[in-house]
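# Breakdown of the fold
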2 protein chains.
Amino acid sequence: MPIRTPATELLGIEIPIVLAPMDGVSGGELAVAVSRAGGLGMVGGGYGDAEWLTRQLDAVAGARVGCGFITWSLAQQPALLDLALERGPVAVMLSFGNPAPFAASIKACGASLLCQVQNREQAEHALDSGADVLVAQGSEAGGHGFGPRTTLTLVPEIADLLVRRGSDAVVLAAGGIADGRGLAAALTLGASGALVGSRFYAAAEALTTPQARERVVAATGADARRTTVYDVVRRRYWPAGHTISVLGNDFVSRWHGAEAELQQNLEAAAVDYWQGVRDRDYDIANVTVGQGAGLIGAVLPAADIVMGIASRADAILTRLANP
Amino acid sequence: MPIRTPATELLGIEIPIVLAPMDGVSGGELAVAVSRAGGLGMVGGGYGDAEWLTRQLDAVAGARVGCGFITWSLAQQPALLDLALERGPVAVMLSFGNPAPFAASIKACGASLLCQVQNREQAEHALDSGADVLVAQGSEAGGHGFGPRTTLTLVPEIADLLVRRGSDAVVLAAGGIADGRGLAAALTLGASGALVGSRFYAAAEALTTPQARERVVAATGADARRTTVYDVVRRRYWPAGHTISVLGNDFVSRWHGAEAELQQNLEAAAVDYWQGVRDRDYDIANVTVGQGAGLIGAVLPAADIVMGIASRADAILTRLANP
């Protein structure tokens, strides 16, 4: 069933669910599947592998999707944005960094500008930069994050900010939304929809391995850990204060809190890590999800996930309004 | 308007809002005001000052209220529980510690047993101990907390646990719920209501100072900090892993991250701290609230808070079900 909100109007979709542009996970096939089901698929431009991105955008084959980038990384290779904009994306999402230098070219192409924010200060800056959509992301989210704000309090605070500024921008809630209860909560909090990552990490079309997806299905929310060890071992130099939410495992237990020692043993640890990735050994390699993992009970096709979230949210809201 | 849920049935109330039994803040007058407005007031038994508790319970003067304790502290002076049970409380809430030794005497008096839990493991133990209500508290809460789980993911995960166990217990959401949006979200997530602290910290009847309440009104959610410095300076020996959410100020900036130095300078720091408390100087003294502070715009009587939350939640749910 359609659920109409200002975000569905703006993005031209039927269901207010946007696929998080997860680096290396949200490829063309997954993005198309989410869009075909009524949401908005977003290809994960991530750290900027031009060849990979081209292949995923080719796989989109004309479907209405968007594309997301890690802003500080995009600033190092801005040509990647042109590569995405050539395809006429519905939306471009920028996360973790200053969106201002890229806003004009994105909006000139007719794409909506989505800016991920983790606090009110970032939200103010994103609005000043021309954001059409603020993706208010709480600390329960999978992947990278910044600071302690949680979805439940950040979303209404950002919604109040928009009212105070008289802004036409809309809010999507991100972080911890993995089922219809979460989407319904996002709507009550003043969001116009949800950006969903972890739940789609365990979608059949995700560029994840069956072994990683099974880890997600088996996990509880308590298994999600925020750490920097996977950034250290992959030599990804994130700005201070950013952490990545992954499922706890032997590698995290070994190195979290011992990051200086990890730096000193980086070559050997990196050999182990990349071997773990090749072996699909998730006692070593990362499974990049958040606390919503505890709400994911099965690997499903993306269309079933979209429809399942929407129909459950609709049923919950109907039931609560008619006790 | 009444909002009926399994929690309102169980507790015999009209509106599924329970006052958090905040130590030194939730006195008899505030508890009575919340109960008279249709919610359930809870007197904060806190660390166990028998004289203070007696005075507050006297002020209740026969109204239907409950009482809450810090469990590890209650274990050191169990007679306080008898003091509360003599008054025939509607409910007794136990937070932070093992509820099992106290469950039988609480339930024998006809009081509902509320157990605050911060993760699934604690929830399992609380159910095994006979909890009637699980208060699922996220890290965005004010006051003491434990671990990284947030309200948005913890509540549905605990709700699923109850279904799996075939339990009759109900869930209240706690942490970050300060207005009708938060109560509506709690209900969509599978809770039967909300435990509300920070919003009532800024109630007219709270045992807080006007200066502290004004700090809450002026704060954003980003001002909430989790720290141990106020436990250290007050020589309250909390079990490892617990932190307290307060508004950031000079005292927190000075000592957070420098707890060992604070220990070495404890006598002088304690003199400063207690002088700050006497002077109502909240650059030094603690204002004990969570991220919901960013959603609190005015000091109000408790009845207006209860009614305001309920009517806004009702309006939101009605609007979302009838777009």
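## Observations concerning the sheet that holds strand 4 (residues 91-95) of chain B
Residue and element names in this part refer to chain B.
- Within the open sheet, the 8 strands sit side by side as 1-9-8-6-5-4-3-2. Their pairing is parallel. In the strand order of this sheet, the two ends are held by strand 1 (17-19) and strand 2 (41-46), each with one partner. Within the sheet, the average angular offset between the axes of one strand and its neighbour, ignoring direction, is 25°.
- The sheet contact formed by strand 4 and strand 5 (residues 112-117) spans 4 bridges and is parallel. In the strand pairing of strand 5, L94 is matched with C115.
- Sheet contacts for helix 7 (residues 120-128): strand 5 and strand 6 (133-137); angle to strand 5, the most-contacted strand, approximately 165°.
- Lying on the sheet, helix 8 (residues 151-165) is in contact with strand 5, strand 6 and strand 8 (170-174); it crosses strand 8 at an angle near 175°.

## Examining the domain arrangement of chain A
Residues and elements named next belong to chain A.
- Here chain A is partitioned into domain 1 (6-207 + 299-321) and domain 2 (210-279).
- Once you take the C-alpha centre of each, domain 1 and domain 2 turn out to be 24 Å apart.
- The interface of domain 1 with domain 2 comprises 19 residues on the first partner and 17 residues on the second.
- Across the domain 1 to domain 2 interface the summed buried area is about 1400 Å²; carbon plus sulfur atoms make up 61%.
- On the domain 1 side of the interface with domain 2, the three residues burying the most area are W72, H144 and V299, jointly 35% of the side's total.
- Counting the contacts that link domain 1 with domain 2 gives 1 salt bridge.

## Quick look at the side chain of B:T288
Residue and element names in this part refer to chain B.
- Here T288 shows up in the loop between helix 15 (266-279) and helix 16 (302-321).
- At a separation of 3.0 Å, a polar atom in the side chain of T288 contacts the side chain of N286.
- Leaving out residues up to four positions away in the same chain, T288 has contacts with G143, Y201, I244, S245 and V246.

## A short note on unusual backbone geometry
All names here are of chain B.
- Although it is not a glycine, F96 sits at a positive phi angle of roughly 65°.
- Here F96 shows up in the loop between strand 4 and helix 6 (100-108).
- You can call F96 buried: its relative accessible area is 10%.
- Positive phi outside glycine occurs at R280, with the angle close to 55°.
- Note that R280 resides in the loop between helix 15 and helix 16.

Rules of the game
Residues numbered from 1 in each chain as written. Chains lettered and ligands numbered in written order. Predicted model: local features only at pLDDT ≥ 70, side-chain atom pairs only at ≥ 80, totals over all residues. Heavy atoms only, no water. Pairing = 2+ DSSP bridges. Helix = DSSP H or I, 4+ residues; strand = E, 2+ residues; numbered from the N terminus. Axes fitted to C-alpha atoms, helices over the stretch in contact; angles between N-to-C directions. Contact = heavy atoms within 4.5 Å. Domains from an automatic or database assignment. Buried area = accessible area lost by both parts, 1.4 Å probe. Salt bridge = Lys/Arg side-chain N within 4 Å of Asp/Glu carboxyl O. Polar contact = N/O pair within 3.5 Å; in protein donor to acceptor, adjacent residues only side chain to side chain. Buried < 20%, exposed > 50% of the residue type's maximum accessible area, 1.4 Å probe, protein only.

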